[in-house]
Amino acid sequence: MYVGAAIAVWLFAAAAPSGVAWLRCLGAALILLAWRRPGRAAWRGRPLLLAGAFGVVTAGMNVVFYEAIARLPLGTVVAIEFAGPVTVAAFGSRGRRDIAALVLVAAGVVCIADVQLRGSPAGVAFAVAAAAAWAGYIVLGRRVALGGNGIDSLAVGFAVATVLLSPLALGTGQVWGSPRLLALGIGVGLLATVVPYVLDQVVLRRVGQARFALLLALLPVTATVIGVLVLRQVPTVPEGLGILAVVAGVALRSREQTREPH
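Residues numbered from 1 in each chain as written. Predicted model: local features only at pLDDT ≥ 70, side-chain atom pairs only at ≥ 80, totals over all residues. Heavy atoms only, no water.

Draft legend 1. Expanded view of the layout of surface pockets. Here the largest pocket is characterised by a volume of approximately 410 Å³. What lines the largest pocket is a set of 22 residues, and nearest its centre among them are Met-1, Pro-196, Asp-200, Leu-216 and Leu-219. Counting residues per element, the ones that place at least two in the lining of the largest pocket are α3 (45-69), α7 (121-147), α9 (179-204), α10 (209-215) and α11 (218-231). Sort the elements by how many residues they give to the lining of the largest pocket and α9 lands first, with seven residues. Looking at the lining of the largest pocket residue by residue, the classes come out as 17 nonpolar, two polar and three charged. (1 Å grid on protein atoms, 1.4 Å probe; cavity = no way out; pocket = protein on both sides within 12 Å on 5 of 7 lines; lining within 4 Å. Points joined across faces, edges and corners; volume = space filled by probe spheres on them. Helix = DSSP H or I, 4+ residues; strand = E, 2+ residues; numbered from the N terminus. Nonpolar A, V, L, I, M, F, W, Y, C, P; charged D, E, K, R; others polar.)

Spelled out as structure tokens, the structure:
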């Protein structure tokens, strides 16, 4: 996911962040439709509404996320964005171990964020919006995994989102004149959407919503590592301590063996 995000940062020189997010959605829709070829039932009634809502919320999350990483370091944005999964996990928590894990994760995210609000309030606002959308992604993704058509619903959802968000394509003009840039845009859709979101659907069928939300705490760690290796965004000491706290929280919560009822 965050290798794709790093590639997206490179594309910001040729297209608006929201335009790159739309290209990501387009690429994901084309790949998933070619792979899955959803039947007629997936394009009707409740399955279509559920898939469409999921696709629009997810694509909207990607739009505000890209607007945020255009203004703030990747690891910082993901840390702020993680407020969404933390909120979902908090609603599903039951015992002391859950609460302790959430406290560790929340403390780690605070350390990782280390945001100067004076530097880019717009970036922070976009990151907070991404957090809210990420919470919606988890809730709707769980319903798609268990009550929808799974990966077929992803294909339908991203196709719907691509059409509804097509005005954002106005910010991609320069990309269409370069086969290389267009390939990178489609590649972002594969790396940042198709692979991770298909895996999410597999995982959501096997674990509860709260556990899934907390396991997503590993993503700020991943984003920070990719930020260092690809974008040369080196974390500070507080951010490093935050990563350790996040890993500790995930490990503590993951030791719980009981499953939530599907």
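Read on for the rest.
Draft legend 2. Expanded view of the side chain of Asn-62. Along the chain, Asn-62 falls in helix α3. Not counting the four nearest positions on each side in its chain, Asn-62 is found in contact with Ala-21, Arg-24, Thr-193 and Tyr-197. (Contact = heavy atoms within 4.5 Å.)

Draft legend 3. Region of the structure containing unusual backbone geometry. For Arg-37, which is not glycine, the phi dihedral falls at a positive 50°. Within the secondary structure, Arg-37 is located in the loop between α2 (17-36) and α3. On the basis of relative accessible area, Arg-37 is assigned to the exposed category, the value being 69%. Not every positive phi belongs to a glycine, and Arg-232 is a case in point at roughly 60°. On the secondary structure map, Arg-232 appears in the loop between α11 and α12 (237-254). Accessibility expressed as a relative area gives 63% for Arg-232, which makes it exposed. (Buried < 20%, exposed > 50% of the residue type's maximum accessible area, 1.4 Å probe, protein only.)

Draft legend 4. Molecular detail of the pattern of salt bridges. Tallied over the full model, the rule gives two salt bridges. The closest approach of N and O atoms between Arg-36 and Asp-152, which form a salt bridge, is 2.8 Å. Note that Arg-36 is positioned in helix α2 and Asp-152 in helix α8 (residues 151-164), a separation of 116 residues in sequence. On the accessibility criterion, Asp-152 (17% relative accessible area) is buried. Glu-67 is paired through a salt bridge with Arg-71; the nearest N and O atoms lie 2.9 Å apart. According to the relative accessible area criterion, Arg-71 is partly exposed, its value standing at 37%. (Salt bridge = Lys/Arg side-chain N within 4 Å of Asp/Glu carboxyl O.)

Draft legend 5. Broad picture of the environment of Leu-241. Inspection of the secondary structure assignment puts Leu-241 in helix α12. Between the alpha carbons of Leu-241 and Ala-107 there is a distance of 9.6 Å; along the sequence they are 134 residues apart.

Draft legend 6. Quick peek at α11. Relative to the 20 Å expected for 14 residues at 1.5 Å per residue, α11 spans 19 Å between its end C-alpha atoms, a close match to the ideal helical length. If you check which residues of α11 are buried, you get Leu-219, Pro-220, Val-221, Ala-223, Thr-224, Ile-226, Gly-227 and Leu-231. Once α11 ends, the next one or two residues include Arg-232, with phi positive near 60°. (Expected span 1.5 Å × (residues − 1).)

Draft legend 7. Inspection of the packing of helix α1 (residues 2-11) against α3 at higher detail. α3 packs onto α1 with a crossing angle of 60° between their chain directions and a minimal axis gap of 10 Å. Judged on the interaxial angle alone, α3 and α1 are oblique. As α1 runs across α3, the sense of the crossing is right-handed. For the pair formed by α1 and α3, the contact residues are Tyr-2, Gly-4, Ala-5, Ala-8 and Val-9 on the first element and Phe-65, Tyr-66 and Ile-69 on the second. Split by residue class, the contact of α1 with α3 holds seven nonpolar, one polar and no charged. (Axes fitted to C-alpha atoms, helices over the stretch in contact; angles between N-to-C directions. Parallel < 35°, antiparallel > 145°, perpendicular 65-115°, else oblique. Left-handed = near helix turned anticlockwise from the far one by under 90°.)

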